[in-house]
Amino acid sequence: MAAETEWAPAEGALRETWRLARGWYGDAPLVAWGLTAAAVALTLTLLQIALSYAFSDWQRNAFDALDQRDAAAFQGQLGWFVALTGLSMAVAVGRLCARQVLGFLWRRWLVLKLQGAMLINHRHYRMEMGEGGVDNPDQRIGENTRWATIMTVDLALGLLHSVALFACFAGLLWHLSGTLAVTIGGTTIGVPGSMLLAAALYSGLGALVVWRVGRAMPRIHLDRNQAEADHRFALLRIREHAEGIALIRGAADEERGLARAYGRVEGAMLRLLRSERQLMWLGAGYMAVAGVLPLLLGAPRFFAGAITLGVLMQMTQAFVEVTRALSWFVENWPRLADWRGHVVRVVELERACEAADGAAGQPGIAIAPGPALRLSGLNLGTAGGRALVLDAEITLRPGERVLVTGESGSGKSTLFRAIAGIWPWGQGRIAVPDRTATLFMPQRPYLPLGSLHAALAYPAAPDTFGQADAAAALRRCRLGALVPQLDQVARWDRVLSLGEQQRLAFARLLLHRPRWVFMDEATSALDEANQAAMFALFEAELAGAALLSIGHRPGLDRYHDRVLALRPGPDGARLEPVAAAASLWPVEAFRRGGAWDGISAAGRNPLNVRRRLPSAG
Ligand SMILES: Nc1ncnc2c1ncn2[C@@H]1O[C@H](COP(=O)(O)OP(=O)(O)OP(=O)(O)O)[C@@H](O)[C@H]1O
């Protein structure tokens, strides 16, 4: 459980809120400033002030009419009341409308901006992989933005309304207070505006007490937010890994994990509820006393005949309004605490997105366009600083096929990620060929939600490729049975076996026809015959495409011109050219040696395995 800390300086929260708002005011100044002006105008209109005054006068006249038992005058006041109420309702709805549109459009801008900021430069991936990422970005964008924007608008306009209310009633209360004669040590002095002074003192005292009692609330709201997001994430993980959990019979453990996650939500909620109850005691007593205090303070003047009942009631109403205006902080403290939690989480995400690009000025991996793939002096490490790959050098020319092997954990996939430009932790240079003619194939292909046709065309739009081409590509990759389902929408990542998904990725390759292909164990789930059929594509439709593949499966070398191996060392793995037999698993080397199935080394150059072995097809 996080330690309870006090409310950070308001100035910090305001600066963070301004950080969220300023981009919008810069990006869409007409809409943003226009709406703000409309909302402020409706909050502070002269009409609003005039209405409040009119209500105040109405109250005075109505009570005076009652006091004088003047039924006709009282009925006249009722007519006024209906008119004033109608006008007041129209102003309230107009103000709500401006506030809603302001919050709605600001939130839309913020959500779209954060989504873009998270996806640009592969930041979403780096934030997941590296250190310094933030928890649950989905909740921050999906939920925290809602409250960070709408509550900011509500609170800011509420504050403005309080300022207007104060401006409206402070003068009236000052005027109605008269001068209070106070005798101290035999000397009598006149205190003007005593009721206004009493309202200010009362409100100040209330704010101080509320702050003392509720100062842990912002921290609790932050904890609650995080605990709720973690609980939801735990539920989501169970959905995503339903099969793995079911197969290993992990339901009981998952249930305990969920109970623990919800326990943290409950813990934060209980602390919050306790604080809210304490504040409710205070709040209820505070407003009750605010309604009676002016009567008690004004009663001596009323009994002395210095003021009428109407004046006393008007003074009471003015006192309540001034107190309410000055009590904005007291009334809104729980919401302020909640609001700050949402703002902090959104700003944290914004900062993490920026930080994901890496510290400026740090030597990193320089990626530049080139006619071929060329790695020069490439060192790779983890985000935490552990060295993985040292001084890697590879040149992959057009049409060439190179296999990179190496023992598990030696850094092969990290090399693949660095070439793809998504792994920033390292130094050195990478010259990459035209990215638009390049396709990367990870072990588990990404299949988006949608139709099979859309999964095939991804990342291009589904209509980029015709139905006939998509069907032909499926058939070529031994997935003809799926052709009738091309338009079917399903969770294809769950419906298809991993081997089928890998063949789907090859069908995708056939549609996109890249000139540069990078694979990371992209055939690991295929049987020999299917693997051979997939690599045969590079002898037919994809002839001329360069291929850099990663894998340590026996027999892969026969589809490549050269084999490189990552050999682990104390400072990281080094990339070295190897003879074909040395790149294979012992059993395969044994087989290739001729002792097993009679396949003997046919070529002279031990590094050129593709020429030496017959291509599978
Ligand atoms: N985000 C990360 N944070 C910390 N360590 C990481 C991260 N990603 C990878 N590693 C570590 O880097 C090392 C190399 O990982 P990599 O996935 O590149 O290995 P590999 O050679 O592809 O292994 P395999 O053949 O088993 O797939 C591993 O020890 C792994 O634990």
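Residues numbered from 1 in each chain as written. Predicted model: local features only at pLDDT ≥ 70, side-chain atom pairs only at ≥ 80, totals over all residues. Heavy atoms only, no water.

Where an unreviewed UniProt entry is consulted, the protein chain appears under the name Putative ATP-binding cassette transporter, with the organism given as Falsiroseomonas stagni DSM 19981. The protein chain has a UniProt comment under Subcellular location (unreviewed entry) that states "Cell membrane". (UniProt positions renumbered as here; feature names shortened; annotations may be inferred.)

Trainee: What is the right way to look at the site of the ligand in this model?
Mentor: Neighbouring the ligand are 15 residues, the closest being Ser408, Gly409, Lys412, Ser413 and Thr414. Take glycine 409: an N or O atom from its main chain is 2.8 Å from an oxygen atom of the ligand. In the environment of the ligand, an oxygen atom lies 3.2 Å from a nitrogen or oxygen atom belonging to the backbone of serine 410. For the ligand, the accessible surface in isolation is 640 Å², of which the surrounding protein chains cover 68%. A total of 3 residues in the shell around the ligand trace back to one element, the largest contributor, which is helix α13 (residues 412–420). (Near = heavy atom within 4 Å. Polar contact = N/O pair within 3.5 Å; in protein donor to acceptor, adjacent residues only side chain to side chain. Areas by Shrake-Rupley, 256 points an atom, 1.4 Å probe, with all protein chains shown as cover. Helix = DSSP H or I, 4+ residues; strand = E, 2+ residues; numbered from the N terminus.)

Trainee: Even after reading the chapter, I still don't get the packing of helix α4 (residues 71–119) against helix α12 (residues 328–355), so can you show me in this structure?
Mentor: The description of two packed helices rests on the angle between their axes and on the distance between the axes. Contact geometry for α4 and α12: axes closest at 9 Å, N-to-C directions at 35 degrees. Of the two possible hands of crossing, α4 and α12 adopt the one that is left-handed. Along the contact surface, α4 presents Leu110, Lys113, Leu114, Ala117 and Met118, while α12 presents Val346, Leu349, Glu350 and Cys353. Among the residues making up the contact of α4 with α12, the classes are represented as 7 nonpolar, no polar and 2 charged. (Axes fitted to C-alpha atoms, helices over the stretch in contact; angles between N-to-C directions. Left-handed = near helix turned anticlockwise from the far one by under 90°. Contact = heavy atoms within 4.5 Å. Nonpolar A, V, L, I, M, F, W, Y, C, P; charged D, E, K, R; others polar.)

Trainee: Teacher, can you tell me more about the pairing of strand β11 (residues 516–520) here?
Mentor: The side chains of a regular strand alternate between both faces of the sheet. Within β11, 5 of the 5 residues are buried, which leaves the element mostly enclosed by the surrounding structure. Alternating residues of β11 divide into Trp516, Phe518 and Asp520 and Val517 and Met519, and every residue in both groups is buried. As paired elements, β11 and strand β12 (residues 546–550) share 5 bridges and run parallel to each other. When the sheet's bridge partners are listed, phenylalanine 518 is paired in β12 with leucine 548. Read as a crossover between parallel neighbours, the route from β11 over helix α18 (residues 528–536) to β12 is right-handed. (Buried < 20%, exposed > 50% of the residue type's maximum accessible area, 1.4 Å probe, protein only. Pairing = 2+ DSSP bridges. Right-handed = clockwise from strand over helix to strand, strands pointing away.)

Trainee: So what exactly am I meant to see when it comes to unusual backbone geometry here?
Mentor: A negative phi holds for most residues other than glycine; trans holds for most peptide bonds. The omega torsion across tyrosine 458 and proline 459 is 10 degrees, close enough to zero to call that bond cis. Structurally, the position occupied by proline 459 is in the loop between α14 (452–457) and α15 (467–476). Phi at asparagine 136 takes a positive value of approximately 40 degrees, unusual for a residue other than glycine. Locating asparagine 136 in the fold gives a position in the loop between α5 (123–129) and α6 (137–177). Its identity is not glycine, yet aspartate 391 carries a phi of approximately 50 degrees, on the positive side. Positionally, aspartate 391 belongs in strand β5 (residues 387–396).

Trainee: Sorry if this is basic, but what is going on with the pattern of salt bridges here?
Mentor: Oppositely charged side chains may form a pair once their charged atoms are brought near each other. This structure, assessed with the given rule, holds 25 salt bridges. For aspartate 138, the salt bridge goes to arginine 232, with nearest N and O atoms at 4.0 Å. Separated by 94 residues along the polypeptide, aspartate 138 in helix α6 and arginine 232 in helix α8 (residues 217–240) bring together distant segments of the chain. On the basis of relative accessibility, which here comes to 43%, the residue aspartate 138 falls in the partly exposed class. Note on arginine 232: relative accessible area 37%, which makes it partly exposed. Across the salt bridge formed by aspartate 223 and arginine 219, the nearest N and O atoms sit 3.0 Å from each other. Here aspartate 223 pairs with arginine 219, and both are found in helix α8, just 4 residues apart, close to one helical turn. Residue aspartate 223 is classed as buried on the basis of its relative accessible area, which comes to 12%. Beyond isolated ion pairs, a larger network of salt bridges with shared partners links Arg19, Lys113, Glu350 and Glu354. (Salt bridge = Lys/Arg side-chain N within 4 Å of Asp/Glu carboxyl O.)

Trainee: Help me understand the packing of aromatic side chains in this model?
Mentor: Ring pairs (aromatic) are described by centroid distance and by the angle formed between their planes. Tallying each qualifying case throughout the model produces 14 aromatic pairs. When the ring of tryptophan 24 is compared with that of tyrosine 25, the centres are 5.7 Å apart and the planes differ by 55 degrees; the resulting orientation is tilted. Accessibility expressed as a relative area gives 15% for tyrosine 25, which makes it buried. Geometrically, the ring pair formed by tryptophan 58 and phenylalanine 81 is tilted, given 5.0 Å between the ring centres and 40 degrees between the ring planes. With tryptophan 58 in helix α3 (residues 46–67) and phenylalanine 81 in helix α4, this residue pair connects regions lying 23 residues apart in the sequence. By relative accessible area, which is 33% here, phenylalanine 81 ends up partly exposed. Among the aromatic residues, those joined into a cluster by ring pairs are Trp18, Trp24, Tyr25, Trp33 and Trp106. (Phe/Tyr/Trp six-rings, centres within 6.5 Å; stacked < 30°, edge-to-face > 60°.)

Trainee: For this particular structure, what's the right way to read the side chain of aspartate 64?
Mentor: Mapped onto the elements, aspartate 64 comes out in helix α3. Buried charge without a partner: aspartate 64 forms no salt bridge, and the closest opposite charge is arginine 60, 4.4 Å away. A polar contact of 3.0 Å, which involves the side chain of aspartate 64, links it to the backbone nitrogen of glycine 310. (Lys, Arg positive; Asp, Glu negative; His and termini not counted.)

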